[in-house]
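# Secondary and tertiary structure notes
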Amino acid sequence: MYEKRPWVASYPAGIPANIDPDAYHSVVNLLDETFAKFPDHLAFSNMGVSLSFRELDQKSAQFAAYLSSTGLKPGDRIALMMPNMLQYPIALFGALRAGLMVVNTNPMYTPREMKHQFEDSGAVAIIIAENFASNLEEIIEDTFIKKVILCSVGEMLGFKGVIINFVIRKIKKLVPKYKLKGAIWFTQALKEGKDMTIPSIKHNPDDVILLQYTGGTTGVAKGAMLTNRNLVANLQQMRAVMAIRLNEGQEIALNPLPLYHIFAFTVNCLNLFSFGIHNVLVTNARDLPSIHKEFKKYKISVITGVNTLFNGLLHSKGFAELDFSALKISVAGGMALQNAVAKKWQQVTGCPLVEGYGLTETSPVASVNPIDGTGKRGTIGLPVPNTDMRIVDDKGQNVPQGEVGEIQIKGPQVMKGYYQKPEETDLILKEGWISTGDIGKMDTEGYFSIVDRKKDMILVSGFNVYPNEIEEVVSSMEGIKECCAIGIPSEQSGESVKLFVVLKEDSITKEQIIAFCRENLTAYKIPRQVEFRKELPKSNVGKILRRLLRDEVAQAKGN
């Protein structure tokens, strides 16, 4: 079928049109091969402490044996709720080796959000950072969770960790009091599992091994069922794309995105791991000086992140003076990459910043710009091997090349469905094609572009206005740090554009911004209101939350 894919001709030399999604029977098979291939190489580091592949193999096996000894059975759901720390890959790989289904959980969730996810998933066990244990205490009686394993930021960091935990607990007071009956510490679980063995477990390609919950921005969060085959396919697809620039066992990747986020989970924790790459984990990506510190300590060759992270780094003092001589790959995902950020990143680091695209429901990567910088800035790149993408109208019919419609995706990385929600699955998944809710177009060379999300589109006097376009224009204006456009009710035009702006310095007026927009945008796209903010609301991975700004405006109007 790929002969009909125009994007294949645009692939850089060395990237195949297809990969084998069945190259590994399961993710565990891939883990075993990687452990054996790179035993003495470093696998993960955090706050100056490292784990080799051999150590990770041993500790994850101990943890798997411990989990099995507690009565957990293959297919049982186990929640992982922690920021980036060394316990995460040990816990993840241990859970998979024990045949469990992982439920990644955002540590910033409120008790209400936790309760929904744990009830919906049927999680019976959890590994949770102590900072969030008090929230679990509030709702645990309303869930199926019977086994609680606690971890702390400093637990795996030796004597340094003792000091870190003291500061976190006693000085910064970031660990609210809690009481969880029968809870065990992570290091104790490892100790108990040391003399145990993992029971023989059959891992099948179609087994669901990950319940990855969507952000829930359009309603109640849903669990995307991702199978062994989904994740093996997607990491193989990313391997094919990245192999042209990476040397196995010789690279260092900086990982500021949380591993519980599907982007970092697949791209870093599985794909880069399979290259024998040393992943440096950043516990708090908002602490930009900590990222500077890692660049000073390591010769970073790969970095993944979101637009706001790259933008923040570029505006942080001293970043431009860091050593980027080893940097080969910079990939942005999770939200639209702005041209101004991509351009400045390349100027400062000498490395192209390329945009990838995907959904939780696609494991997540569906397309990416060529990492060698030969792609097209402002696009989401080319579909990855073994992937079909198309543009359809409201009736599901293909639209002519270059015209705008909804993006649909088909490939081995597309989820099995939403957990226990067949009706909602049927709404977006038909005959293998998943409807993304994103409005886009494809050019003659097979490059796709996002115009905007359906739900974010603003309707001004019958004209479609896409916030991304406005934000792209405004962000190119000197003195603008960040911006976000939303639609607000208007008696005259149905909706009008309101712009929220964060300035680098207080040197620009609202009138100047509107004048700049007038020079670059059609009249109906020009913001009618401009509001300055010190910061914009963001998700835990730095994605600007338009929804919260819309809700804020609606609430103010209601009052």
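Look up a bit, the structure's there.
Report follows, based on the coordinates. Because the structure is a prediction, the values reported are computed rather than measured. (Residues numbered from 1 in each chain as written. Predicted model: local features only at pLDDT ≥ 70, side-chain atom pairs only at ≥ 80, totals over all residues. Heavy atoms only, no water.)

## Comments concerning the sheet that holds strand 11 (residues 278-281)
Pairing in this open sheet of nine strands is mixed, and the strands run 2-1-11-10-12-13-14-15-16 from one edge to the other. Each having just a single partner strand, strand 2 (49-52) and strand 16 (382-383) make up the two edges of the open sheet. Pairing of strand 1 (residues 42-46) with strand 2 involves four bridges; the strand directions are antiparallel. Looking at strand 2, one finds that Ser45 is bridged to Ser50. In this fold helix 2 (residues 53-69) packs onto strand 1 and strand 2, with an angle of close to 80° to the strand it touches most, strand 2. (Pairing = 2+ DSSP bridges. Helix = DSSP H or I, 4+ residues; strand = E, 2+ residues; numbered from the N terminus. Contact = heavy atoms within 4.5 Å. Axes fitted to C-alpha atoms, helices over the stretch in contact; angles between N-to-C directions.)

## Details of the pairing of strand 13 (residues 329-332)
Side chains of strand 13 alternate between two faces, with Ile329 and Val331 and Ser330 and Ala332 buried alike. Pairing analysis gives four bridges linking strand 12 (residues 302-305) to strand 13, with the strands arranged parallel. Among the inter-strand pairings, Ile303 is bridged to a residue of strand 13, identified as Ser330. Chirality of the crossover, the property in question, places the unit of strand 12, helix 11 (residues 307-314) and strand 13 among those that are right-handed. Here strand 13 runs beside strand 14 (residues 353-358); their pairing, made up of three bridges, is parallel. Its bridge partner lying in strand 14, Ala332 is registered against Glu355. (Buried < 20%, exposed > 50% of the residue type's maximum accessible area, 1.4 Å probe, protein only. Right-handed = clockwise from strand over helix to strand, strands pointing away.)

## Regarding the packing of helix 2 against helix 7 (residues 186-193)
Helix 7 packs onto helix 2 with a crossing angle of 85° between their chain directions and a minimal axis gap of 7 Å. Compared by their axis directions, helix 2 and helix 7 come out roughly perpendicular. The residues of helix 7 that touch helix 2, namely those facing Lys59, Gln62, Phe63, Ala65 and Tyr66, are Phe186, Ala189, Leu190, Glu192 and Gly193. Looking at the contact of helix 2 with helix 7, its residues break down into six nonpolar, two polar and two charged. (Parallel < 35°, antiparallel > 145°, perpendicular 65-115°, else oblique. Nonpolar A, V, L, I, M, F, W, Y, C, P; charged D, E, K, R; others polar.)

Without other data, these values stay purely geometric and don't point to any function.
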